[in-house]
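# Inside the fold
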Amino acid sequence: MIDPPHNRIQDVLGKSVDLDALSPEALDRLDQGVIALDAAGRVLSFSEGAASLSGFSASAVVGRHYFRDIVPSTNVPSFHGRFLSGLRRGRLDETFEFVFGRMPQPLRARIHLRASATPGRYWLVIAALENIGAGRSREAVMAAVGRRVRAEPVDPSLCEREPIHIPGSIQPNAVMLAADAETLAILVHSANISDVFDDDGTALDGRHLSEVLPAGFVALVQAGVAAGSLEDGRLLRQAVTLASRPDDRFYAVAHVRSGRVIVELERAPDRPDDFGSATPLETELAVVRLRGAESLDEAARIVASEIRILTGFESVLVYRFDADWNGEAIAEDMIPGWQRPLIGLRFPSSDIPAQARALYHKAKSRFVIDRDCVPVPLVAGKAAGNGPIDLTFAQNRTLSPIHLEYQRNLGVNGSMSISILVEGRLWGLMIGHHRQPHYVAPETRAASTVLTDAFAMRVQEIEAHRRWAEQQTHLDIEGRLVRGLTRTDDFVQALTVGSTTLLDLFDVGGAGIVSEGHVSLIGACPTDKEVLALADWLREALPQGQPSYTTDALSSAHARGGAYAATASGLLAAFVDAERLHLLLWFRPEVPSTVTWGGDPRKPVIAGSGSVAVLPRRSFERWVEERRGVATPFADWQVSLAEQLAQAVEGVVLRQRRKIEELTDLLVEKERLLAQKDLLTREIDHRVKNSLQIVSAFLHMQRRQITDPAARQAFSETSGRVMSVARVHDSLYQAGSVEEVDLGQTIDNLCKDLAGLAGNQHVVELTADPGLMVPYQKAVSLSLIATELVTNAFKYAGGPERGARVNVSVSAVESGVKLKVCDDGEGLPPDWDTGKAKGTGLGMKLVRAMLDQINARIEVENVPGACFVVYA
Ligand code: BLA
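Before going into details, it helps to say that this report is about the structure given with it. (Residues numbered from 1 in each chain as written. Predicted model: local features only at pLDDT ≥ 70, side-chain atom pairs only at ≥ 80, totals over all residues. Heavy atoms only, no water.)

### Structural notes on the state of the cysteines
Under the counting rule described, the total for this entry stands at one disulfide. The side chain of Cys822 participates in a disulfide bridge whose partner is Cys867; the two sulfur atoms lie 1.8 Å from each other. Placement of the pair is Cys822 in strand β34 (residues 816–823) and Cys867 in strand β36 (residues 866–871), with a sequence separation of 45 residues. Residue Cys822 is classed as buried on the basis of its relative accessible area, which comes to 15%. With no disulfide of its own, Cys751 lies closest to Cys822 among cysteine sulfurs, the gap being 12 Å. (Disulfide = S-S within 2.5 Å. Helix = DSSP H or I, 4+ residues; strand = E, 2+ residues; numbered from the N terminus. Buried < 20%, exposed > 50% of the residue type's maximum accessible area, 1.4 Å probe, protein only.)

Have a look at this one:
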């Protein structure tokens, strides 16, 4: 077979045309666009046909690099790559189909690459085949953009409804086959199958994968399916050569999803240098530089710069989500003069809706070569069934047309986003932006993903270390506070007074405690009254069982907080007990700040029309929001620590309360017993008095029946003694106290009784200090002593013919009490106390026994009557 001359193409009539033989004017007259390039890809000439197809004028493009500068969507292995390998082989002779996404309108064309007879000159011929639509969904968006009329606010949650995992199409850089995971029979293929196979797809339907793909690769797929190692986003990647394209290298990626084996094939660069494929060494060095980063900011700066160098994007951003899924560009590396620096800007959560975030949590990365490319539909074969193919993990899934519209509004064409997962959470995205279409080689994509993972790990390390250090300090402080708590029952004092207080925790401006309605505050806090109102509100607002509350914008939750927003916009509160009587509080001051949004965050979406209900905002102009009433938020671990401390306090408070309750119970019981005892004793005293009086009366009665004077006397005396004891009991019963009696009164009553008993012929005069209280025992003894002495006086001082006059006095002296009994008789005989004197024996014995019992002494004198003085 004879090779056709390289410089020949077919004209519209199918006639063979020798391009080298045609004059520039003749080239201009051809329907095809004819472009002459030099070996470097720079434009040497640009025909009229080329100008009318592309919309560029010859003067604007001559001298510029066709693939890189003029039509960057062709700067891919399947176009520019073919040119490069043709030159390398020394034989450029390629014919293939290519779809230009925006030419000014999408165009399917046949491309010829030929060497000219002139050395260093190459032909690129573009023959239009078909003006085509942009793809159904993209057209819907474009129509909605054109017709947009409504201006009312739109619900941003509409964005979340788009099922982005089943777009039904892929990007044109790859060819896709989806086969049944069990049988490996091909069920679905992408419509561009002829880029890779000599087939329009009909012949592929139902065939086994091994009939079209290399046996080695299919064996690995089979093993992967059997082992379940190709699921959940795990991929099999391999460079392969296909029987249908023996000269070309392909990059094959396979994975399993929902019972389908999905294989994506894309033409790989011939040489690593052709499209700047990253080498393992470059990747390794970048990781080393990243490891050296000390802070989060530094790590973000380094990774953005390294990834930009590797991928060649004009800008690479590190985008970090906040707790509400709004985001901020925290680092940006970009070419000088980049259109729109985004660093420091915030973006509302609706820019990356929930279903997209969920997908990015699973699938690592997305690369878009050309935002304006025409999506390639997936074609279902006979046995495919109706279900759409789930492209969650497909490398070449077409992105949401609404998002592509967003990119257009942002001025971005080629793009990338790689998920940054820290501790299992979607922490952020590594975002690449390019104004023109931008191809990134597979090795570079892999390297970028590795670097992003390395960054995620560094973030984890840095944040974990910072948190660890901070938590250690806090645990230490908490430890000191808890030790303080265990040493006292006054927890308020333990936490608010001394060298370590609540104020040392959580980097706050003020802290305090509400304990059973009492407020104790330290540092900068709202007033007591405001704190009490806050505590009431918390008690009401917090569901039962939720022990703590935190906010970084108190006034928006608790309106009265507006009055003290400056001191307490941030609040961390932890209840101590289930009854919510005790509350620990920490306050953070307002941090007035301005937040710069990339566009007005209140209008993240605008109304679309038709099937496209919402569209992204058009403007990304800086929109500055002044934030008042907002403090630095408390971290989750700080909330947990506050709860822990509250639990420790609960231990102390409950302990204290239990102790007080126990003591109160004891006291009540004791008082009850005392009262009972009092009652009982008084009752007994009463009864004893009664009994003694009865005994005394009885003795007195008996005395009358006795004739023997000595016996009569003895009866009379005994009756007097019994009487005196009865008197003391009576006094006890009369008095409020059971312990003490009024001695003066007791003796007074006693003397009257004795005088009465003796028949009233004697006179007893009493002087007594009023209110002289003596213990019961002493009173009994002194009463008995008084009884003896008075009775003796009656007996000896008086005679049968005259009564005696007895002086009794009761007074307080320094050592206790003095009882004095004097009579007007003749005084005592010299042997009165030896017991030989008549009648004195038993009486004086009793007196002595009584004196001994109360440790008292007696003095006796004749003045001239007998005078006894007892000191007790
Ligand atoms: C996706 N939105 C995205 C993505 C980014 C952003 C990075 C990931 C897609 C990708 O990999 O390219 C947003 N891009 C940003 C932001 C910055 C940036 C914030 O460069 C700032 C630095 N988006 C909207 C609205 C809707 C919307 C109004 O603004 C819906 C009506 C949707 N965004 C949307 C959807 C996706 C998306 C559906 C998923 C795209 C996909 O993966 O298919």
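### Observations concerning the packing of aromatic side chains
Counting across every chain of the model gives 16 aromatic pairs. Taking the centre distance of 5.9 Å and the plane angle of 65° together, the rings of Phe67 and Phe79 count as edge-to-face. A residue pair is termed long-range when its members are at least 10 positions apart, and Phe67 in helix α4 (residues 66–70) and Phe79 in helix α5 (residues 77–89) qualify at twelve residues. Across the pair, Phe79 and Phe67 agree in class, each one buried. Their ring planes at 85° and their centres at 5.8 Å tell us that Phe83 and Tyr122 sit as a pair that is edge-to-face. Here Phe83 is found in helix α5, whereas its partner Tyr122 is found in strand β7 (residues 122–131), with 39 residues between them in sequence. A relative accessible area of 1% places Phe83 in the buried class. Taken together, the ring pairs in this structure connect Tyr66, Phe67, Phe79, Phe83, Phe96, Phe98, Phe100 and Tyr122 into an aromatic cluster. Across the ring face of Phe96, the terminal group of Arg82 is positioned such that the distance to the ring centre comes to 4.2 Å. (Phe/Tyr/Trp six-rings, centres within 6.5 Å; stacked < 30°, edge-to-face > 60°. Lys NZ or Arg CZ within 6 Å of the ring centre and 35° of its normal.)

### Quick look at unusual backbone geometry
Here the bond from Val863 into Pro864 is cis, since omega is 0°, no more than 30 degrees from zero. Look at Ser258: it is not a glycine, yet its phi comes out positive at around 50°. In this structure, Ser258 sits in the loop between β12 (245–257) and β13 (260–267). A relative accessible area of 55% means that Ser258 is categorised as exposed.

### Overview of the sheet that holds strand β31 (residues 763–768)
Whether parallel or antiparallel, the strands of a sheet pair through hydrogen bonds between backbone atoms. Strand order in the open sheet made by the five strands is β31-β33-β34-β36-β35, with mixed pairing throughout. Edge positions in the sheet fall to β31 and β35 (857–862), since each of these pairs with one other strand and no more. Strand-to-strand, the axes of this sheet are offset by a mean angle of 15°, without reference to chain direction. Sheet topology places β34 next to β36; five bridges connect them, and they run antiparallel. (Pairing = 2+ DSSP bridges. Axes fitted to C-alpha atoms, helices over the stretch in contact; angles between N-to-C directions.)

### Quick notes on the pattern of salt bridges
Any two side chains of opposite charge can pair, so long as their charged atoms come close to each other. One pass over the structure, following the stated rule, counts 35 salt bridges. Two residues, Arg308 and Asp333, come together in a salt bridge whose shortest N-O distance is 2.7 Å. Linking Arg308 in helix α9 (residues 296–311) with Asp333 in strand β15 (residues 327–334), this pair joins segments that are 25 residues apart in sequence. The partner of Glu423 in a salt bridge is Arg467, and the shortest N-O contact between them spans 3.6 Å. With Glu423 in the loop between β19 (414–422) and β20 (425–434) and Arg467 in helix α12 (residues 442–486), the pair connects residues that are 44 residues apart, well separated along the chain. If you follow the salt bridges from partner to partner, you end up with Arg371, Asp372, Glu405 and Arg408 in one network. (Salt bridge = Lys/Arg side-chain N within 4 Å of Asp/Glu carboxyl O.)

### Considering the layout of surface pockets
The computed volume of the largest pocket comes to approximately 1,700 Å³. If you go around the largest pocket, you meet 41 residues; those closest to its centre are Arg320, Phe321, Asp322, Ala323 and Pro633. Within the residue set of the lining of the largest pocket, elements represented by two or more residues are β14 (315–321), β15, β20, α12, β26 (593–598) and α16 (636–705). A per-element tally of the lining of the largest pocket places α12 first, with seven residues. A breakdown of the residues in the lining of the largest pocket according to their chemical character gives 17 nonpolar, eight polar and 16 charged. In this structure, the lining of the largest pocket is formed jointly by two domains, domain 2 (273–371 + 412–465) and domain 3 (486–592 + 629–657), each of which donates at least three residues. (1 Å grid on protein atoms, 1.4 Å probe; cavity = no way out; pocket = protein on both sides within 12 Å on 5 of 7 lines; lining within 4 Å. Points joined across faces, edges and corners; volume = space filled by probe spheres on them. Nonpolar A, V, L, I, M, F, W, Y, C, P; charged D, E, K, R; others polar. Domains from an automatic or database assignment.)

### Quick word on the sheet that holds strand β11 (residues 236–242)
Strand order in the open sheet formed by seven strands is β8-β18-β10-β9-β13-β12-β11, with antiparallel pairing between adjacent strands. Every interior strand has two partners, whereas the edge strands, β8 (169–170) and β11, have only one. Here strand β9 (residues 174–180) runs beside β13; their pairing, made up of seven bridges, is antiparallel. Across the sheet, Ala179 pairs through a bridge with Val261, a residue of β13. Strands β11, β12 and β13 of the sheet are contacted by helix α7 (residues 215–227), whose axis makes an angle of about 155° with β11. (Contact = heavy atoms within 4.5 Å.)

### Details of the packing of helix α18 (residues 743–757) against helix α19 (residues 776–796)
Running from amino to carboxyl end, α18 crosses α19 at an angle of 35°, the nearest separation of the two axes being 10 Å. Remark: the crossing between α18 and α19 carries right-handed chirality. On α19, the residues touching Leu743, Thr746, Ile747, Leu750, Leu754 and Ala755 of α18 are Ala779, Leu782, Ser783, Ala786, Thr787, Val790, Thr791 and Phe794. (Left-handed = near helix turned anticlockwise from the far one by under 90°.)

### Describing the pairing of strand β5 (residues 93–100)
Because side chains alternate across β5, one face comprises the buried residues Glu94, Phe96, Phe98 and Phe100, and the other comprises Asp93, Thr95, Glu97 and Val99, none of which is buried. Relative to strand β6 (residues 107–115), β5 runs antiparallel, the two being bridged by eight bridges. Across the sheet, residue Glu94 finds its bridge partner in β6, namely Leu113.

### A word on the nonpolar core
By size, the foremost hydrophobic cluster in this structure holds 44 residues, and its most contacted members are Leu743, Leu782, Ile785, Val808, Leu819 and Val870. At the level of elements, α16, α17 (709–734), α18, α19, β33 (805–813), β34, α20 (841–853) and β36 are the ones that each hand at least two residues to this core. Looking at this core element by element, the count peaks at ten residues for α19. Leave out the neighbours within four places in its chain, and Ile785 touches Leu819, Val847, Met850, Leu851 and Val870. Listed in part, the 31 residues of the second largest apolar core include Ala300, Ile302, Met416 and Ala456. (Core = buried A, V, L, I, M, F, W, Y, C linked by side-chain atoms within 4.5 Å.)

### Overview of the site of the ligand
Around the ligand there are 32 residues in total, and Cys159, Tyr360, Arg397, Ser417 and His433 lie nearest to it. Measuring from an oxygen atom of the ligand, one finds a side-chain N or O atom of Tyr360 at 2.5 Å. A distance of 2.8 Å separates an oxygen atom of the ligand from a polar side-chain atom of Arg397. Isolated, the ligand exposes 880 Å² of accessible area, and the fraction of that covered by the protein chains is 100%. More than half of the atoms of the ligand fall within 2 Å of the grid points belonging to the largest cavity. Residues that form the shell around the ligand fall into these classes: 21 nonpolar, seven polar and four charged. (Near = heavy atom within 4 Å. Polar contact = N/O pair within 3.5 Å; in protein donor to acceptor, adjacent residues only side chain to side chain. Areas by Shrake-Rupley, 256 points an atom, 1.4 Å probe, with all protein chains shown as cover. Sits in = over half its atoms within 2 Å of the grid points.)

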